[in-house]
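What follows is the residue order along each chain.
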Amino acid sequence: ERDRQSCLAIGICSFLTIPLFASEGVHSIITIQAAHEERDWPEEYVPRLRLLGELFVNALERRDIDEALRQSESRLRLATEAAGAGLWSIDLSTSQAWVTEKVRDLFGLADHGNLNLQSFMDCIHPEERDQVLETMRQSLGSREEFQVDFRIVVADGSLRWISSRGCPEPGSEKGLGRLTGISLDATG
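The following refers to the structure shown. If you're wondering where the values come from, they're calculated on a predicted model, not measured in any experiment.

## Thoughts on the sheet that holds strand β8 (residues 178-185)
Alright, step 1. Judged by pairing direction, the sheet is antiparallel, and its six strands sit side by side in the order β5-β4-β3-β8-β7-β6 without closing on themselves. Every other strand in the sheet has two partners, leaving β5 (115-116) and β6 (146-153) as the edge strands with one partner each.
Alright, step 2. By the bridge criterion, three bridges tie strand β3 (residues 86-91) to strand β4 (residues 96-99) in an arrangement that is antiparallel. Opposite Ser89, over in β4, you have Trp98 as the bridge partner.
Alright, step 3. Relative to the sheet, helix α5 (residues 129-142) contacts β6, β7 (159-169) and β8, its axis offset from that of β6 by approximately 160 degrees.

## Points about the pattern of salt bridges
Alright, step 1. The final tally for this structure, using the stated rule, is eight salt bridges.
Alright, step 2. Notably, a salt bridge pairs Asp64 with Arg63, separated by 3.0 Å at the nearest N-O pair.
Alright, step 3. Accessibility expressed as a relative area gives 49% for Arg63, which makes it partly exposed.
Alright, step 4. With a shortest N-O distance of 2.7 Å, Arg151 and Glu128 are connected by a salt bridge. Placement of Arg151 in strand β6 and of Glu128 in the loop between α4 (117-123) and α5 is noted, with a sequence separation of 23 residues between them.
Alright, step 5. When its relative accessible area of 17% is taken as the criterion, Arg151 is described as buried.
Alright, step 6. Here the residues in one salt-bridge network are Glu127, Glu128 and Arg151, joined through shared partners.

## Digging into the pairing of β8
Alright, step 1. The sheet contact formed by β3 and β8 spans six bridges and is antiparallel. In the strand pairing of β8, Leu87 is matched with Ile182.
Alright, step 2. Pairing between β7 and β8: eight bridges, direction antiparallel. For Ser163, the partnering residue across the bridge sits in β8 and is Leu184.

Cut-off values and rules
Residues numbered from 1 in each chain as written. Predicted model: local features only at pLDDT ≥ 70, side-chain atom pairs only at ≥ 80, totals over all residues. Heavy atoms only, no water. Pairing = 2+ DSSP bridges. Helix = DSSP H or I, 4+ residues; strand = E, 2+ residues; numbered from the N terminus. Contact = heavy atoms within 4.5 Å. Axes fitted to C-alpha atoms, helices over the stretch in contact; angles between N-to-C directions. Salt bridge = Lys/Arg side-chain N within 4 Å of Asp/Glu carboxyl O. Buried < 20%, exposed > 50% of the residue type's maximum accessible area, 1.4 Å probe, protein only.

Below, the structure is given as structure tokens:
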């Protein structure tokens, strides 16, 4: 009744109000007003306007989610850079790897080109490759986190100690999943 009195006071003769629902209930309301004369709004307008409004609401929700993701990524990037940590992920179905720039620096990997599990194995000191692979296999079998320290051979022939911690992520029924982790330079 208060809304009705307010509308009459400012000269609105008719209005149509449509609630727009989002994931958490009513997100917004579309209101159409007629100020010069009373109007009957055709029923077929309501679902069309609701659809149009919900498209806008969904776009706003996606924008908010994208912004939250960008902020989260920025905080993660800042934390890993401050810690000198490199992040990596290896798709076990394809052996393809995603790495941060810090991992490329730690392992002395080229700034371009695709990386895979073999790219990492080639950097690891030959005496420790089997240990690293066995640690990864055990982690996959137990579905538990792993930590492994190993030496890598840098391009100039020197050795660098790397400490890696990771965890398996299950894949689909057909896929093997992935290993995701973090690596640090542990050279004393």
